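The residues making up each chain are set out below.
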Amino acid sequence: MHLSVIQMNQGSDKAANLAEAQRLIEAAIAADRPALVSLPETWTNLGGGRESRRAAAEVLPAPGGEGGPAYEMLRGLARRHGITVHGGSIIEDGGEKLFNTTLVFGPDGSEIARYRKIHLFDITAPDGTGYRESALYGAGTDLALFEAGGIRFGCTICYDMRFPELYVALRRRGAEAILVPSNFTLQTGKDHWEALLRARAIDTQCWIAAAASYGSYEERGATRSVYGHSLVADPWGHVVAKCSDGVGWATARIDRAVTERVRAGMPLLEHRDAARAWVAKASA
C-alpha cells in the first residue's frame, strides 16, 4: 500500500487550517493515490494561547455519531475518496481537561481508532523556553491500533517517540507500522527528530510514518518554530520518503515483504524475550 504524510504550517485560525488540510490531502490523493493519508499533530490549531486551543477543541461523539467540523471533514474525506484517513491529532474537549487525540477513519467513513497522547511535553528547551502540555491537557492511558490495507498500524503522537517501551508494546500487539504525527520544536528537531524516528523503526522493525508541522507560529506574543521534515522510515531504519522545507507531502510504499525479511533475519522480539528471562533469573 502507499501512504502519504502531510506537512502543514498551521496557525490559530481553525477554518483556514481545515481548508489547507483538505487542499493538501486532495492534492496528495490526486498525485500519488495513497491508500492512507496522515496529518500532523494538532493540525486544527497551533499557537494563539490557551483560549485559542479551547476554541478549536471539539467534543468527540461516540463512534457513528455526528462530530464537529474537523471530525466531519476527516470522515467525509475518507468516505469520498475511499481511503483511510489518519487525522494526525486534534484538540479534544474532555471537559475540565483537553486531550491531544488521534482519530482514524476507514474508507467507508467509519471511525476505526481513537488515541489520546500518553506522554505529555513538559520540558525546558536548550534556549530556556518552557513547554508544559500538562497545564492544559490530560494524558491518555490506552494503546490504539487499527488495520488498513492488510497492515496493522499503531498510534502514537510526537513526544511519545522518546519512549521506546511504548513502541515495543505496539509491536507486541501486532503493529507493522507506527504513525507519529508531530509538532517537533526546531531546537530539538534539528538534533533529535530523524535520529529518534529511525531508532524507533530499528527497535521495533516497523515502518514509521511521521507527519509533521513546519514553520513559525505565534504563541502569546512570541514566535515559535517547528521543524517539519515529515518522513517515512522502513523497518531497517532507512528514510525512504521525506518532505523538504515548506508545506506539502511525501509518499512511500509500505511493503510487508520488507518487514518480513527484516524480522526473519534479525528476530529482535524473540531475543528481547530471552534477555528479559535472563535478567529476571539473574535478579531473583
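Refer to the structure printed above.
Residues numbered from 1 in each chain as written. Predicted model: local features only at pLDDT ≥ 70, side-chain atom pairs only at ≥ 80, totals over all residues. Heavy atoms only, no water.

Engineer: In this structure, what is going on with the packing of helix H1 (residues 14-32) against helix H3 (residues 69-81)? I would like to understand it.
Structural biologist: In helix packing, the relevant descriptors are the interaxial angle and the interaxial distance, both defined with respect to the helix axes. Viewed as axis vectors pointing N to C, H1 and H3 meet at an angle of 15°, and their least axial separation amounts to 11 Å. Judged on the interaxial angle alone, H3 and H1 are roughly parallel. Of the two possible hands of crossing, H1 and H3 adopt the one that is right-handed. Facing H1, whose interface residues are Lys14, Leu18, Ala21, Gln22, Ile25, Glu26 and Ile29, H3 presents Pro69, Ala70, Met73, Leu77, Arg80 and His81. When grouped by side-chain class, the residues that make up the contact of H1 with H3 number eight nonpolar, two polar and three charged. (Axes fitted to C-alpha atoms, helices over the stretch in contact; angles between N-to-C directions. Helix = DSSP H or I, 4+ residues; strand = E, 2+ residues; numbered from the N terminus. Parallel < 35°, antiparallel > 145°, perpendicular 65-115°, else oblique. Left-handed = near helix turned anticlockwise from the far one by under 90°. Contact = heavy atoms within 4.5 Å. Nonpolar A, V, L, I, M, F, W, Y, C, P; charged D, E, K, R; others polar.)

Engineer: Would you mind showing me how to read the packing of aromatic side chains here?
Structural biologist: The geometry of an aromatic ring pair is captured by two quantities: the separation of the ring centres and the angle between the planes. Overall, the coordinates contain six aromatic pairs when judged by the stated rule. Ring geometry for Tyr71 against Phe105: centres 4.9 Å apart, planes inclined by 85°, an arrangement best described as edge-to-face. Placement of Tyr71 in helix H3 and of Phe105 in strand E5 (residues 98-105) is noted, with a sequence separation of 34 residues between them. For the pair formed by Tyr71 and Phe105, the shared burial category is buried. Arranged with centres 5.3 Å apart and planes meeting at 70°, the rings of Phe121 and Tyr159 form a pair that is edge-to-face. With a gap of 38 residues between them, Phe121 in the loop between strand E6 (111-116) and strand E7 (122-124) and Tyr159 in the loop between strand E11 (151-155) and helix H4 (164-172) connect regions that are remote in the sequence. Judged on exposure class, the residue Phe121 and its partner Tyr159 are both buried. Following the ring pairs from residue to residue traces out a cluster consisting of Phe121, Tyr131, Tyr159 and Phe163. (Phe/Tyr/Trp six-rings, centres within 6.5 Å; stacked < 30°, edge-to-face > 60°. Buried < 20%, exposed > 50% of the residue type's maximum accessible area, 1.4 Å probe, protein only.)

Engineer: Looking at this structure, I do not really get the pairing of strand E14 (residues 214-219). What am I missing?
Structural biologist: Each regular strand carries side chains that alternate between the two faces of the sheet. Here E14 runs beside strand E15 (residues 222-227); their pairing, made up of six bridges, is antiparallel. For Glu218, the partnering residue across the bridge sits in E15 and is Thr223. In sequence, E14 turns back onto E15 through a hairpin of two residues, with Arg220 there showing a positive phi of about 50°. (Pairing = 2+ DSSP bridges.)

Engineer: I would appreciate a short explanation of the pairing of strand E4 (residues 90-93) in the present structure.
Structural biologist: The pairing of E4 with E5 spans four bridges and is classified as antiparallel. Bridge pairing links Asp93 to Leu98 in E5. Taken together, E4 and the strand that follows it, E5, pair antiparallel across an intervening segment of four residues, in which Gly95 is found at a positive phi of about 95°.

Engineer: What should I look at first to understand the side chain of Gln10 in this one?
Structural biologist: Considering the arrangement of structural elements, one finds Gln10 in the loop between strand E1 (2-7) and H1. Under the relative-accessibility criterion, Gln10 is labelled buried at 1%. Looking at Gln10, its side chain comes within polar contact range of the main-chain oxygen of Glu41, at 3.2 Å. Side-chain polar atoms of Gln10 contact the backbone oxygen of Thr42, separated by 3.3 Å. (Polar contact = N/O pair within 3.5 Å; in protein donor to acceptor, adjacent residues only side chain to side chain.)

Engineer: Any chance you could explain the side chain of Ser213 here in plain terms?
Structural biologist: Relative to the assigned elements, Ser213 resides in the loop between strand E13 (207-210) and E14. A residue is classified by how much of its surface remains accessible, and Ser213, at 1% relative accessible area, is buried. At 2.3 Å, the side chain of Ser213 forms a polar contact with the side chain of Asn183. When sequence neighbours within four positions are dropped, the list of residues in contact with Ser213 reads Met8, Gln10, Pro40, Glu41, Leu46, Ser182, Asn183, Val226, Tyr227 and Gly228.

Engineer: Sorry if this is basic, but what is going on with the layout of surface pockets here?
Structural biologist: In this structure, the largest pocket encloses a volume near 590 Å³. Lining the largest pocket are 30 residues, with Arg53, Tyr131, Glu133, Tyr137 and Arg224 positioned closest to its centre. Listing elements by their share of the lining of the largest pocket, those giving two or more residues are helix H2 (50-56), strand E8 (130-132), E14 and E15. In terms of residue class, the lining of the largest pocket is made up of eleven nonpolar, nine polar and ten charged. (1 Å grid on protein atoms, 1.4 Å probe; cavity = no way out; pocket = protein on both sides within 12 Å on 5 of 7 lines; lining within 4 Å. Points joined across faces, edges and corners; volume = space filled by probe spheres on them.)

Engineer: Explanation requested: the pattern of salt bridges in the structure shown.
Structural biologist: Under the definition given, this model contains 15 salt bridges. Glu41 serves as the salt-bridge partner of Lys117, at 3.0 Å between the closest nitrogen and oxygen. Taken together, the positions of Lys117 in the loop between E6 and E7 and Glu41 in the loop between strand E2 (36-38) and H2 put the pair 76 residues apart, joining distant regions of the chain. With respect to burial, Lys117 and Glu41 carry one shared label: buried. Of the charged contacts in the structure, one is a salt bridge between Asp203 and Arg200, with a shortest N-O distance of 2.6 Å. One end of the pair is Asp203 and the other is Arg200, both in helix H5 (residues 186-204) and three residues apart, which spans about a single turn. Asp203 sits in the partly exposed class, given a relative accessible area of 24%. (Salt bridge = Lys/Arg side-chain N within 4 Å of Asp/Glu carboxyl O.)

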